[in-house]
Amino acid sequence: MATSPPEPGGRRAGAGPRERDAAGLGRLGATAFVVPALLLIAAFLVFPALWTVYLGATDYRLTGLAAVDPQVVGLENVERALDDDGFTHSLGLTLQFVLGSAVIGQAGLGFALAWVLRDRRGLGRRLIEAMVLLAWILPSSVIAFLWIALLDRDDGTLNALLSTPGTAWLLEHPMLSLIVFNIWRGTAFSMMLYAAALGNVPPSQLETARLAGASSWQQLRDVVFPRIRGHVLTNLLLISLWTFNDFTPFLLTGGGPEDRTEIMPVFIYETALFGGELGFGAALSVLMLLINLVIAVVYARLLRRRKDRDR
């Protein structure tokens, strides 16, 4: 009895679904591998998200009658948040924190380091990269302790270096201190992403531009940026979302002094836990999620326009 010739890769034409499966698992076997991951996602991502949405529609509190018998209040928490001066104040501080430390600071310094180090070799480059990466991988609690010691009013290293004894940086310039702190802590990701992007820029194009008399700025504007625009937008999207949701500043200032560093994650934390208003805090979290979605959509549209222009 004649058999069908084998297909490339050793499979016969007309083989069943199990035999055509690349791993040889079949539909049931593949499902068995996927189900545990789906259950974990549902347990640790989907369920908490849905539970937060539900809590945001109630008056649930940590104490009192609302803790025993919470009532559904619908969109009252959202309306309250939009009329709350504390919410608008924290949103403004958060946007300032994202713009200063991520969009301008991390992206700018990360690109500058990647551009300066692109042709460098040897111990100097490795030391700079190691120092930048070390700031990124250290635990947040350790970094916060180091910066508190650096900015201390009496025995701080920064005051010793600048000869400014008695300057309380976290009290006199709290937001600026947090922005500089976050730039120092998060620049590594931007540097690595831009270094990979610059590696894809043909050196011949830069050399041609240089021989044609283009300045360094003209080389960046006309040769480099058009080729790495997608990487720039991707980097800005990621670091903007990370910074928007960053809770580490709480370890340095606790939201103070006088709420001058109470960014949205800190405001939600203090409202939900210290204030005991879990329902209102959950509604604030939902609003924060929607703002994150708006930021992501804006960057996604910019990326899509860029791809459409390149076609």
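This structure is a prediction, so every number in the text was calculated from the model and none was measured.

Criteria and cut-off values
- Residues numbered from 1 in each chain as written.
- Predicted model: local features only at pLDDT ≥ 70, side-chain atom pairs only at ≥ 80, totals over all residues.
- Heavy atoms only, no water.
- Helix = DSSP H or I, 4+ residues; strand = E, 2+ residues; numbered from the N terminus.
- Buried < 20%, exposed > 50% of the residue type's maximum accessible area, 1.4 Å probe, protein only.
- Salt bridge = Lys/Arg side-chain N within 4 Å of Asp/Glu carboxyl O.
- UniProt positions renumbered as here; feature names shortened; annotations may be inferred.
- Core = buried A, V, L, I, M, F, W, Y, C linked by side-chain atoms within 4.5 Å.
- Contact = heavy atoms within 4.5 Å.
- Domains from an automatic or database assignment.
- Buried area = accessible area lost by both parts, 1.4 Å probe.
- Nonpolar A, V, L, I, M, F, W, Y, C, P; charged D, E, K, R; others polar.

Enquirer: Whenever I open this one, the environment of Gly124 confuses me. Can you help?
Expert: Looking at the element boundaries, Gly124 is found in helix H6 (residues 123-137). Taking relative accessible area as the criterion, Gly124 reaches 40% and is therefore assigned partly exposed.

Enquirer: Got a minute to help me understand the pattern of salt bridges in this structure?
Expert: Per the counting criterion, the structure on display carries 6 salt bridges. Between Glu277 and Arg61 there is a salt bridge whose closest N-O contact spans 3.7 Å. Here Glu277, found in the loop between helix H14 (264-274) and helix H15 (278-310), pairs with Arg61, found in the loop between helix H2 (26-56) and helix H3 (65-68); they are 216 residues apart in sequence, far enough to count as distant. The class of Glu277 is buried, set by a relative accessible area of 19%. Here Arg80 and Glu277 are joined by a salt bridge, their closest N and O atoms 2.8 Å apart. Placement of Arg80 in helix H4 (residues 76-82) and of Glu277 in the loop between H14 and H15 is noted, with a sequence separation of 197 residues between them. Overlapping salt bridges, with partners in common, bring together Arg61, Arg80 and Glu277 in one network.

Enquirer: Even after reading the chapter, I still don't get the UniProt feature "transmembrane region" (unreviewed entry) in the chain, so can you show me in this structure?
Expert: Residues annotated by UniProt as "transmembrane region" (unreviewed entry) correspond here to residues 28-51, 97-118, 130-150, 162-184, 228-244 and 278-302. Between the C-alpha atoms that bound residues 162-184 there is a distance of 18 Å. The span itself is 70% helix and 0% strand.

Enquirer: Even after reading the chapter, I still don't get the nonpolar core, so can you show me in this structure?
Expert: Across soluble globular proteins, nonpolar side chains show a tendency to be buried alongside one another. The biggest cluster of nonpolar side chains holds 36 residues, and the ones touching the most others in it are Phe111, Leu198, Val224, Ile228, Phe244 and Leu284. For this core, the secondary-structure elements that each account for two or more residues are helix H5 (85-117), helix H10 (174-198), helix H11 (203-211), helix H12 (216-244), H14 and H15. A total of 9 residues in this core trace back to one element, the largest contributor, which is H12. Excluding residues that lie within four positions of it along the chain, Leu284 makes contacts with Ala81, Phe87, Met264, Phe267, Ile268 and Thr271. One finds Ala144, Trp147, Leu252 and Ile263 within the second-largest nonpolar core, a separate group that totals 17 residues.

Enquirer: Before we go on, may I ask you to explain the domain arrangement of the chain in this structure?
Expert: It is common to give the size of an interface as the accessible area lost on bringing the parts into contact. Assigned domains within the chain: domain 1 (26-68) and domain 2 (78-310). Here the C-alpha centre of domain 2 lies 30 Å away from the C-alpha centre of domain 1. Between domain 1 and domain 2, the contact holds 8 residues from the first and 11 residues from the second. With both chains or domains summed, domain 1 and domain 2 bury close to 720 Å², and 68% of this area falls on carbon and sulfur atoms. Class assignment of the residues belonging to the side of domain 1 that touches domain 2 gives a composition of 4 nonpolar, 3 polar and 1 charged.

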